[in-house]
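Coordinates in review
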Amino acid sequence: MAGDTRQRTARHPGRSTGRPGADLSGFREVQRLAYQCAEAVAAQLRPGVTEREAARMQREWLRARGVRDWFHLPFAWFGDRTAFANFRIPLQFFPTGRRLEPGMPFILDMAPVYRGFSADIGYSGSLGLNPVQDRLMSDLQAHRALILERIRERRSLREIYEDVERLMNRQGYANRHRAYPFGVIAHKIDRVRERRWSPTAFGFGTQSLKGLASDALHGHREGWSPLWSPYSFSDHPPQPGLWAVEPHLGFRGTGAKFEEILVVTDSRDPEESAFWLDDDLPHVRRWAEEEKAA
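A short tour of the structure in this document, coming up. The structure presented is a predicted model; accordingly, all values stated were derived computationally and were not measured.

Concerning the packing of aromatic side chains
Given two aromatic rings, their pairing is described by the distance between the two centres and the angle made by the two planes. All told, the structure shown has 15 aromatic pairs when counted by the stated rule. Aromatic rings pair up to connect Phe75, Trp77, Phe84, Phe87, Phe93, Phe94 and Tyr180 into one cluster. In this arrangement the basic side chain of Arg65 is found over the ring face of Trp61, its NZ or CZ atom lying 3.7 Å from the centre. Its guanidinium or amino end placed over the ring of Phe117, Arg191 lies 3.9 Å from that ring's centre, counting from NZ or CZ.

See the structure below:
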């Protein structure tokens, strides 16, 4: 239920097993910090602001609150770029000089590392009313429920991906996370070792990339991948750990998504085998308000 912030723990901590640490509060803290940043920046957006300026606003807000490292630097997409219209190469994901206009949809996406804990979030909104994006956001609620249900059933990640895509098709939408590198809907995240100097390469934190590469090598040996995709390397049961999940809907040049942390454990108890890290997030509160108003 919305507002449920019970402290949960995973039974087997340790990076070598790909499982989350015993205390999830650090991940919850950085995820909330990122969403607070998104809401603060969204409230400051005005006509004429560019994607690059919105990305810089996110960086500055987070750095002012102690963020020094990143899984990836902040992104911002405006207008039809929220649906990744005509995206063909990775460079097209980076912020551009596209200016925000009244009624235009936007997505803010950031992945800060704070006190060694990482998060990756996506926040969708519009400058004024945008009924299409409002509908997309409402329909994303079914995807959050479906993903959790299927993970608890221990379906393969590839099968769950296909279930999500079928739901999008039934809703009349295009699957826009297909446009991401490897078509991923999610990727694993973990603790990141804190260092005085935290360089980035191609917009990604080198420490986080090393961790993801280590997971990829370890997973390859054991038959799993830290990338959740529609391809055969994701044809395995959910791997215990923390997953940043981002179903992304598109409809006629408008896109919307959420991105948040899903916790997967090896518990036999269905409710403890998988759960969203935090239900007190903007999109979850939005759905709760919609249900009250219905």
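A few points about unusual backbone geometry
Unlike most non-glycine residues, Asn86 shows phi in positive territory, near 60 degrees. Looking at the secondary structure, you find Asn86 in the loop between β1 (69–78) and β2 (105–114). In this structure Asn86 comes out as exposed when scored by relative accessible area, which is 58%.

Considerations on helix α1 (residues 25–44)
The end-to-end C-alpha separation of α1 is 29 Å, in line with the 28 Å expected for 20 residues at 1.5 Å each. Every buried residue belonging to α1 is among Gly26, Phe27, Arg28, Val30, Gln31, Leu33, Ala34, Tyr35, Cys37, Ala38, Val41 and Ala42, and all of these are buried.

Concerning the packing of helix α3 (residues 131–152) against helix α4 (residues 157–171)
The geometry of a pair of packed helices is captured by two quantities: the angle between their axes and the separation between those axes. For the pair α3 and α4, the least separation of the axes is 10 Å and the interaxial angle reads 155 degrees. By the angle between their directions, the pair α3 and α4 is classed as roughly antiparallel. At the point where α3 passes α4, the crossing takes the right-handed sense. Mapping the contact onto sequence places Asp139, Ala142, His143, Leu146, Ile147, Arg150 and Ile151 in α3 and Leu157, Ile160, Asp163, Val164, Leu167, Met168 and Gln171 in α4. Looking at the contact of α3 with α4 residue by residue, the class counts come to nine nonpolar, two polar and three charged.

Criteria and cut-off values
- Residues numbered from 1 in each chain as written.
- Predicted model: local features only at pLDDT ≥ 70, side-chain atom pairs only at ≥ 80, totals over all residues.
- Heavy atoms only, no water.
- Phe/Tyr/Trp six-rings, centres within 6.5 Å; stacked < 30°, edge-to-face > 60°.
- Lys NZ or Arg CZ within 6 Å of the ring centre and 35° of its normal.
- Helix = DSSP H or I, 4+ residues; strand = E, 2+ residues; numbered from the N terminus.
- Buried < 20%, exposed > 50% of the residue type's maximum accessible area, 1.4 Å probe, protein only.
- Expected span 1.5 Å × (residues − 1).
- Axes fitted to C-alpha atoms, helices over the stretch in contact; angles between N-to-C directions.
- Parallel < 35°, antiparallel > 145°, perpendicular 65-115°, else oblique.
- Left-handed = near helix turned anticlockwise from the far one by under 90°.
- Contact = heavy atoms within 4.5 Å.
- Nonpolar A, V, L, I, M, F, W, Y, C, P; charged D, E, K, R; others polar.

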